[in-house]
Amino acid sequence: LYEGQIDGSFLRRNGSTWSYITNDLGSFSPRSIAVSPDDSAKVAVANVRGLWVTTNGGGNWPRSDSGLVSSAVSGFAIASGRTYAEGNALAKLEDGADAVTEIDEDALFQTLNRGSSSTVLTPVIESSGGLIAAVGDRIGRSLNDGVTWSLTGYCSTANDVVVDLPATTTAPSIYYASSAFTLQRSID
């Protein structure tokens, strides 16, 4: 029996014992799990970010979606010289570029201890390459286009989800976190 958890953990049960087999699967919440009817060590796991397949019961999880094309853009965040796309992945488009650059969300998910792909973001106006992103009820900040993240001091209520991160366009910016239960403001 296999189980994916909302924090991105992936487990296998053998008898009455559960074992973590997340290994190199990355941080995300699975939407679909398929176990081969011929070999229980072959498992496919998918979500809106991609497809991973193990052939050794979770020992390793190579990404296996080469050639699949899919996109779901749920919003845009615009800064001077760059545009970010939110959706089933985070991506950046530099002004004048012909292609987007995907931002690796795993570092964000690990910093926030969240394994979801429901992400909203806003650029940091005062920083070229700065981002503020929310996953569930936590918010992280990056000053290097998502390479590294730090947890902010955002405080939420139980079962809350940040749905928007608007900011003023004046420097220094004022940032807002809008959620189902609250609207909070940050001036730093």
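Scroll up for the structure.
Residues numbered from 1 in each chain as written. Predicted model: local features only at pLDDT ≥ 70, side-chain atom pairs only at ≥ 80, totals over all residues. Heavy atoms only, no water.

1. Focus on the nonpolar core
Test applied: Side-chain atoms within 4.5 Å are what join buried Ala, Val, Leu, Ile, Met, Phe, Trp, Tyr and Cys residues into a set we call a nonpolar core. Here the term buried applies to any residue with accessible area under 20% of the maximum for its type, exposed to any over 50%, and partly exposed to those in between, with areas from a 1.4 Å probe on protein chains only. Think of it this way: any DSSP run of H or I at least four residues long counts as a helix, any run of E at least two long counts as a strand, and we number them from the N terminus. Any two residues having at least one pair of non-hydrogen atoms within 4.5 Å are treated as being in contact.
Membership of the largest hydrophobic core is limited to twelve residues, which are Ala77, Tyr84, Leu90, Ile103, Leu108, Phe109, Leu112, Leu121, Leu131, Ala133, Val135 and Trp149. If you list the elements that add at least two residues to this core, you get α1 (106-112) and β12 (131-135). Setting aside anything within four residues of it in sequence, one finds tyrosine 84 in contact with Gly75, Phe76, Ala77, Ala91, Lys92, Ile103, Leu121, Pro123, Gly129, Gly130, Leu131 and Asp145. Counting residues in hydrophobic clusters, the runner-up holds ten residues, among them Val124, Ile132, Val162 and Leu165.

2. Some remarks on the environment of alanine 97
Secondary-structure assignment places alanine 97 in the loop between β9 (90-94) and β10 (101-103). Each C-alpha atom of the pair alanine 97 and arginine 82 lies 9.5 Å from the other, and the pair is 15 residues apart in sequence.

3. A look at the sheet that holds strand β14 (residues 150-151)
As a reminder, the rule being used: When DSSP finds two or more bridges between two strands, those strands count as paired.
The strand order across the open sheet formed by four strands is β11-β12-β13-β14, and the pairing between neighbours is antiparallel. Among the strands making up the open sheet, the edge pair consists of β11 (119-123) and β14.

4. Notes on the pattern of salt bridges
To keep it simple, the criterion reads: Salt bridge, as applied in this entry: a Lys or Arg side-chain nitrogen positioned within 4 Å of an Asp or Glu carboxyl oxygen.
Tallying each qualifying case throughout the model produces three salt bridges. Notably, a salt bridge pairs lysine 92 with aspartate 145, separated by 2.5 Å at the nearest N-O pair. Placement of the pair is lysine 92 in strand β9 and aspartate 145 in the loop between β13 (138-142) and β14, with a sequence separation of 53 residues. A relative accessible area of 13% means that lysine 92 is categorised as buried. The buried category is assigned to aspartate 145, whose relative accessible area is 18%. Arginine 114 serves as the salt-bridge partner of aspartate 137, at 2.7 Å between the closest nitrogen and oxygen. With a gap of 23 residues between them, aspartate 137 in the loop between β12 and β13 and arginine 114 in the loop between α1 and β11 connect regions that are remote in the sequence.

5. A look at unusual backbone geometry
Although it is not a glycine, asparagine 113 sits at a positive phi angle of roughly 55 degrees. Mapped onto the elements of the fold, asparagine 113 is located in the loop between α1 and β11. Of note, aspartate 145 is a non-glycine position whose phi angle comes to about 55 degrees, a positive value.

6. Thoughts on the pairing of β12
Buried residues dominate β12, accounting for five of its five residues. Residues Leu131, Ala133 and Val135 line one face of β12 and the alternating positions Ile132 and Ala134 line the opposite face, and both faces are buried. The hairpin turn running from β12 into β13, its antiparallel successor, is two residues long, and glycine 136 in that turn takes a positive phi close to 65 degrees.

7. Section: the packing of aromatic side chains
Selection criterion: Between the rings of Phe, Tyr and Trp (Trp by its six-membered ring), a pair exists once the centres lie within 6.5 Å; its type follows the angle of the planes, with under 30 degrees stacked, over 60 edge-to-face, and the other angles tilted.
Within the structure shown, the criterion is met by two aromatic pairs. Joined through ring pairs, the aromatic side chains of Tyr2, Phe10 and Trp61 make up one cluster.

8. Structural notes on the sheet that holds strand β16 (residues 175-179)
Filter applied, for reference: Between N-to-C directions, angles span 0 to 180 degrees; the directions come from axes that are lines fitted to C-alpha atoms, helices contributing only their stretch in contact.
Spatially, β15-β16-β17 is the arrangement adopted by the three strands of the open sheet, whose pairing is antiparallel. Two strands bound the open sheet, and with one partner strand each, they are β15 (162-164) and β17 (183-186). Here the strands of the sheet are splayed against their neighbours by 40 degrees on average, with no regard to which way each runs. In this sheet, β16 lies alongside β15 in antiparallel orientation, the contact comprising two bridges. Looking at β16, one finds that aspartate 164 is bridged to serine 178.

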